[in-house]
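Spelled out, the chains give:
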Amino acid sequence: MADLANRFINEKLGSHWAVNSNDESFQRLLYHLDEKTNFRPFFMTALDTVMKKITKSSIKDNSVIVADVGAGVGWTSALMALLPNVKKVYSVEPNDERRKRIPFVLKHFKVPEEKVTITDGNFKNFKISEQVSLVTMVGSFHHTYDDDVYDLIDEIKSTLKVEKGSDGWLLLANEHYVDTFWILHRMLSWMKWKIIKRKPYWGPRNWLAPDPFDGEHWRTKKEIWTYFRESDFDGELVQHKGDLCKDNKSFHQRMGWHYYYGIMKLSC
């Protein structure tokens with residue numbers, strides 16, 4: 001199974017992601033993160049929570065090293081790099097079009113160059129030269145194919161620095177899980193498509209089949225926990241109030257759809 005969906009190959013970015021040296025392009029990004037969506041508020045809530053947990057652990061001040069996996073255009077990497085207790089961020093992004101925007105985003109956020117290293121790593125190989133304290137996946141875990149999830153988790157575990165008396169941390173943010181109401185919606189939608197003689201990509205064999213174009217997956221809370229608990233992680237999934245996209249009007253499509261952040265700990 002390829003670990004990069006077709007959407008991210010030769011992708012034409014939306015205008016809000018197409019950041020360049022112009023301040024206007026940066027303002028479009030900020031408007032999208034703060035006004036059109038809850039991208040930044042949801043992420044900052046999750047980040048603040050995990051950083052408080054890290055501070056209480058044995059990790060020393062000003063020494064947190066982060067692997068930001070599926071970093072996109074790098075806005076999450078920039079916000080983390082600005083934290084005083086973060087020493088280094090590895091911005092891991094396999095998509096060429098998104099990765100080349102990261103330096104512009106870092107400059108607009110006024111991030112010191114030495115605090116962020118950009119790599120063309122993927123879910124199976126982050127291409128990072130050192131172990132890290134925290135792995136973050138912001139809006140990227142749901143693009144991981146089922147066949148690749150355990151490879152991803154193995155890579156996370158091998159990248160985290162976990163020694164006796166210390167923990168490694170994983171943050172999933174700006175993610176969603178679904179429940180039985182949403183699965184029922186999919187069943188009804190499948191029946192509608194059958195009536196009009198069109199074939200959806202989901203059906204009785206797999207009601208939660210991922211989108212074949214962008215690889216977006218719809219997993220239940222139990223499925224997500226199963227992946228990580230089987231791999232020695234423990235932690236919590238916290239549901240957000242509200243929708244990640246503020247202007248989303250498709251209530252029937254969001255019935256049974258929940259946005260969350262997950263904080264997972266890997267102990268020695």
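In case you missed it, the structure is sitting above this.
For clarity, every value in this text was computed on a predicted model and none was experimentally measured.

The rules behind the values
- Residues numbered from 1 in each chain as written.
- Predicted model: local features only at pLDDT ≥ 70, side-chain atom pairs only at ≥ 80, totals over all residues.
- Heavy atoms only, no water.
- Helix = DSSP H or I, 4+ residues; strand = E, 2+ residues; numbered from the N terminus.
- Rg over C-alpha atoms; globule rule 2.2 N^0.38 Å.
- Buried < 20%, exposed > 50% of the residue type's maximum accessible area, 1.4 Å probe, protein only.
- Contact = heavy atoms within 4.5 Å.
- Areas by Shrake-Rupley, 256 points an atom, 1.4 Å probe, with all protein chains shown as cover.
- Lys, Arg positive; Asp, Glu negative; His and termini not counted.
- Charge placed at Lys NZ, Arg CZ, Asp CG, Glu CD.
- Salt bridge = Lys/Arg side-chain N within 4 Å of Asp/Glu carboxyl O.
- Pairing = 2+ DSSP bridges.
- Patch = residues over 30% accessible without salt bridge, like charges linked within 9 Å, V, L, I, M, F, W, Y side chains within 5 Å.
- Axes fitted to C-alpha atoms, helices over the stretch in contact; angles between N-to-C directions.

Draft legend 1. Here's a closer look at the overall build of the chain. The helix and strand inventory of the chain stands at nine helices and seven strands. Against the compact-globule benchmark of 18 Å for 268 residues, the chain has a radius of gyration of 19 Å, which places it among compact chains. Each principal axis of the C-alpha atoms in the chain carries an extent, and together these give about 60 × 45 × 35 Å. For the chain, the proportion of its 268 residues judged to be buried stands at 53%. Relative to all contacts within the chain whose residues are 6 or more apart in sequence, the contacts with residues 24 or more apart total 74%. As displayed, the chain offers around 13,500 Å² of accessible surface, 51% of which is attributable to carbon and sulfur atoms. Averaging the coordinates of the 39 positive side-chain charges in the chain and doing the same for the 36 negative ones gives two points 4 Å apart.

Draft legend 2. Summary view of the pattern of salt bridges. Applying the stated criterion across every chain yields a total of 13 salt bridges. Put simply, Lys 127 and Asp 120 hold a salt bridge, and the shortest N to O gap is 3.3 Å. Arg 219 is paired through a salt bridge with Asp 146; the nearest N and O atoms lie 2.8 Å apart. A residue pair is termed long-range when its members are at least 10 positions apart, and Arg 219 in the loop between helix 7 (180-195) and helix 8 (221-229) and Asp 146 in the loop between strand 4 (134-138) and helix 6 (149-159) qualify at 73 residues.

Draft legend 3. The arrangement of the pairing of strand 7 (residues 257-267) in detail. Counting buried positions along strand 7 gives nine out of eleven residues, so the element sits mostly inside the fold. Direction of pairing for strand 5 (residues 167-178) relative to strand 7: antiparallel, over a ladder of ten bridges. Across the sheet, residue Leu 171 finds its bridge partner in strand 7, namely Ile 263. Sheet topology places strand 6 (residues 234-239) next to strand 7; six bridges connect them, and they run antiparallel. Counted as the bridge partner of Gln 239 is Tyr 260 from strand 7.

Draft legend 4. View of a positive patch on the surface. A cluster of basic residues, Lys 194, Lys 197, Lys 199 and Arg 205, forms a positive patch at the surface. Note on placement: Lys 197 falls in the loop between helix 7 and helix 8. Classification of Lys 197 by relative accessible area gives exposed; the value is 76%.

Draft legend 5. Molecular detail of the sheet that holds strand 4. Strand order in this open sheet of seven strands is 3-2-1-4-5-7-6, and the pairing throughout is mixed. Whereas interior strands pair on both sides, the edge strands pair on one side only; in this sheet they are strand 3 (116-119) and strand 6. Direction aside, the axes of adjacent strands within the sheet are offset by 20° on average. Note that strand 4 and strand 5 share five bridges and pair parallel. Each residue of the ladder has a partner; that of Val 138, found in strand 5, is Ala 173. Contacts from helix 8 reach strand 5, strand 6 and strand 7, with the element oriented near 155° to strand 6.

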